[in-house]
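Given next are the chains, with one letter for each unit.
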Amino acid sequence: MQYIIHFEISAAIILLVIMGDYFRHKKIPTVQNKTYGWFLIFSIAGCILNIVTVLAAEIALYLPRLLLFVLNVGFLLATGIAAVLFFVYTVSLAGKLRKLHSAAVFLMLFPIIFETIAILTSWYTGKVFYFDEFNQYQQGPFHWTLYITYFFYGGASVFWTVYMRKKIGERRTILIFFC
């Protein structure tokens, strides 16, 4: 299967422009600003690692399987962490992040913790992904859980934004929906 990376390259360029503008200006080190900065970093890392993994798949037969594994783990974790950071950012916009109970934080982080363990153990289990005899990336039987995790954090971000729209403000609420 041929993966077209042009959209990913375009996304990386747009993210680099946003990052250039964001990091060019000095920021007050608030939780919101720090979270947004880390969100941008993990988003661009996910884009770049996705491009690299696609290019590596073209010559996978000649690359060590461990390298392919590390690249794919990096891509999947960066994407998942970016989703978590986006949710944390939306919670911080309403000023509620510091008021969360430890049980709520654990519940909020449980999906990404579970996904991280599943991704890291795929080398042995092949449950999320594995490589065939030609070193080609293959989806494991639990690969779909990645999408559930990403949609969970995206949905939680939307829900939280709608729920707290008066505290977040109309302008930021609209901007969040266009992310």
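Computed from a predicted structure; not experimentally measured.

So, how was this worked out
- Residues numbered from 1 in each chain as written.
- Predicted model: local features only at pLDDT ≥ 70, side-chain atom pairs only at ≥ 80, totals over all residues.
- Heavy atoms only, no water.
- Patch = residues over 30% accessible without salt bridge, like charges linked within 9 Å, V, L, I, M, F, W, Y side chains within 5 Å.
- Areas by Shrake-Rupley, 256 points an atom, 1.4 Å probe, with all protein chains shown as cover.
- Salt bridge = Lys/Arg side-chain N within 4 Å of Asp/Glu carboxyl O.
- Helix = DSSP H or I, 4+ residues; strand = E, 2+ residues; numbered from the N terminus.
- Buried < 20%, exposed > 50% of the residue type's maximum accessible area, 1.4 Å probe, protein only.

A grouping of Phe 106, Leu 107, Phe 110, Ile 113, Phe 114 and Ile 117 is seen on the molecular surface, where their side chains present a nonpolar patch of about 620 Å² in accessible area. Mapped onto the elements, Phe 114 comes out in helix α4 (residues 102–120). Residue Phe 114 is classed as partly exposed on the basis of its relative accessible area of 46%.

With that settled, consider unusual backbone geometry. Of note in this structure, Asn 135 is not a glycine but carries a positive phi near 65 degrees. Tracing the sequence through the fold places Asn 135 in the loop between β1 (129–131) and β2 (137–139). For Asn 135, a relative accessible area of 10% translates into the label buried.

So, on to the pattern of salt bridges. In the structure shown here, the tally under the stated rule is 1 salt bridge. Salt-bridge contacts for Asp 21 lead to Arg 24; the nearest nitrogen and oxygen are separated by 2.9 Å. Of the two residues, Asp 21 and Arg 24 are both situated in helix α1 (residues 6–24); the distance of 3 residues between them amounts to about one turn of the helix. For Asp 21, a relative accessible area of 41% translates into the label partly exposed. The class for Arg 24 is exposed, based on a relative accessible area of 59%.

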